[in-house]
Structures are given as C-alpha cells and as structure tokens.
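So the chains spell out like this:
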Amino acid sequence: MVQSYKSNLKLNPKHKLPTHTGRKAILAETCALYDDTKIKEFDFCVKIHSIGKGIVFNIPLHKHEHFNKLNAEGKISKSIILAKDYIQFSFKIDAGVKPALKKSSKIIGLDTGINNLITTSEGTFYGQHIKSLIESIINKKHGSKNRRTAIRRLRHTIDESVRDFIIQDQPDLVIIEYLKNITKNTRSRLGKTSRRLIGAWNVSYFLRRLKQRCDANRVRFATVSAKNTSITCSKCDHTDKFQR
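Residue indices follow the written sequence of each chain, beginning from 1 at its first position. With pLDDT at 70 or above as the cut-off, local features in this predicted model cover only qualifying residues; side-chain atom pairs require 80 or more to be listed or tallied, and sums for whole chains, interfaces and linings still use all residues. Hydrogens and water are ignored here; the side-chain numbers use all heavy atoms of the structure.

Visitor: How would you sum up unusual backbone geometry? Please name residues and give values.
Guide: One non-glycine residue, Gln170, lies in the positive phi region at around 45°. With a 1.4 Å probe rolled over the protein chains alone, any residue whose accessible area is under 20% of its type maximum counts as buried; one over 50% counts as exposed, and the rest are partly exposed. The exposure class of Gln170 is exposed, given its relative accessible area of 57%. One non-glycine residue, Arg218, lies in positive phi territory at about 55°. Secondary structure counts use DSSP, requiring at least four H or I residues in a row for a helix and at least two E residues in a row for a strand, with both numbered from the N terminus. Inspection of the secondary structure puts Arg218 in the loop between α6 (203-216) and β11 (220-225).

Encoded structure:
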C-alpha cells in the first residue's frame, strides 16, 4: 500500500526516504508510470522504476487547482521531469485553430525591460514594479531559501503581468524582440550593478510564458531581431545611432 513516509516509518523504523542529489531528469513512460487511482492520504502517485538494479519506489502526490484545470482541458503526457524539489507534468491541450489575420486585426508590439516588464506599442504598461523584485533577488545569497522565494515571487509577477496583458489588450498578433545573450560582452559597457540586474531579469522565462499564454488564447506570436531596433525610425526605417 502506498502511504506517506511518516506512516511507513511507524510501521518500519528502518524505512528510508529516497533522496535526489542530481539535477533534473526527464523520465519517459518506461521509467515513470502515472497512477491516477486514489490512494490513502494522497490523490495519486508516480511509480519510478528501471533507474537502477532493483530500484522501484512510489512518489505519492496531491493534486492542486492548476493541475485539475489542465487535466480537465487536455490530456496528461506520459513523460515527467523529476527534480530535487518537485515533479513537472505536461499536458496536451487543443487550443483550436488560430484565426487568420485581417486588416482589422489588432497587432501589438512589445518591449520588455527592467523598469517595466511589458511596454506595448499602444502605450500601456504591465509589471511596473519588476525592478524592485529583481533587486530583491540579487541581494539574497546564492542557493539560499530566501533567494528561491524571491525568484518565485518574480516569476509569479511575470505570470500575472502576461495574463493581464492578454486579457486587457486582447491582441490578435504579438510581436516582440528576440532577446538572446543579453549579458554577453557587457563588462566594458555596464557597471556591476547593471550586469547583476540583467542577469537576474529572467527574460527567457518571460518570453516562454508569453508564448504559452498566446498559444492558449489562440493569439499569434512572432519575434523579430533585436539588432538596431533602438536606433531605427519606425516610420521611415532610417537608422542612426544618435536616435537612441
């Protein structure tokens, strides 16, 4: 019978809790089985096997509101991501066909930054207090519980800002710069504080959540090269480094 570690410990004082000392592992169906049968104390469990000679164990889990929502809308994938502190599930959800663009379609360009997470081409702002959250991260010790909490707080704010943008602006097409290697070769141009702010910005997480939210709401998503966008006129395409 699958039950909690504490319950097993009462029955067998020598019972040991499995530990995870490595990094994330992607496990397919051959190594991890999802059992949705309700068990004592928990909602379901994941059975891990074929990862070592004679090693088989169950991880009992509780379902939360977000899991139930995704499970009701789609189908759970057979593979999982096993990390030290959590198990990540993925779901296949049919969001339908994205509507074709028309002349009347609402196209919005986005700019992202440290002071304002989202600045739209229509002049609206989202995530205006993002800088204080980033500063909170860089002031915490690496690997500490407080730093992990600060990162979760930042990601929660990113999720809320992206959600609010999609709901309130209701775009048909979202266009944003493709930011990559933004910390590369910045030592000679930026101070230490600025480099630390950019490093903790978590822009890749923002872009990933933005695309996911667009896909879920049947909004088209496109990226453009960030080269010279700050010095190019939006009307005549003239490029001048003094226009920055």
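Resuming the write-up.
Visitor: With reference to specific residues and values, describe the pattern of salt bridges.
Guide: Throughout this description, the term salt bridge denotes a Lys or Arg side-chain nitrogen within 4 Å of a carboxyl oxygen of Asp or Glu. Under the definition given, this model contains six salt bridges. Between Asp215 and Lys98 there is a salt bridge; the shortest N-O distance is 3.0 Å. On the criterion of sequence distance, the pair formed by Asp215 in helix α6 and Lys98 in the loop between β6 (87-92) and β7 (107-111) is long-range, its members being 117 residues apart. Here Asp164 makes a salt bridge to Arg163, at a shortest N to O gap of 3.1 Å.

Visitor: Before we move on, can you summarise the sheet that holds strand β1 (residues 25-27) with the specific residues and values?
Guide: Within a sheet, neighbouring strands are paired by backbone hydrogen bonds and run either parallel or antiparallel to one another. Ordered in space as β1-β5-β6, the three strands form an open sheet in which the pairing is antiparallel. Only two strands of the sheet have a single neighbouring strand rather than two, namely β1 and β6. The sheet shows a mean angle of 30° between the axes of neighbouring strands, direction not considered. Where β1 lies against strand β5 (residues 75-82), three bridges are found, and the strand directions are antiparallel. If you follow Ile26 over to β5, its bridge partner there is Ile81. Packed onto the sheet, helix α2 (residues 65-73) meets β5 and β6 and runs at close to 30° relative to β6. At least two bridges found by DSSP between two strands is the condition for calling them paired. The axes are straight lines fitted to the C-alpha atoms, using for helices just the contacting stretch, and the angles between their N-to-C directions are given from 0 to 180°. Whether two residues are in contact is decided by their heavy atoms: any pair within 4.5 Å suffices.

Visitor: Which residues make up a positive patch on the surface, and what values go with them?
Guide: Residues Lys84, Lys145, Arg148, Arg152 and Arg153 make up a contiguous surface patch of positive charge. If you trace the backbone, Arg153 turns up in helix α4 (residues 145-169). The class for Arg153 is partly exposed, based on a relative accessible area of 41%. Any residue with relative accessible area above 30% and no salt bridge may belong to a patch, with like charges joined within 9 Å and the nonpolar Val, Leu, Ile, Met, Phe, Trp and Tyr side chains within 5 Å. For every accessible area listed, the method is Shrake-Rupley and the probe measures 1.4 Å; residues are considered covered only by the protein chains on display. We treat Lys and Arg as the positive residues and Asp and Glu as the negative residues; His and chain ends play no part in the count. In plain terms, the charge of a residue is placed at NZ if it is Lys, CZ if Arg, CG if Asp and CD if Glu.

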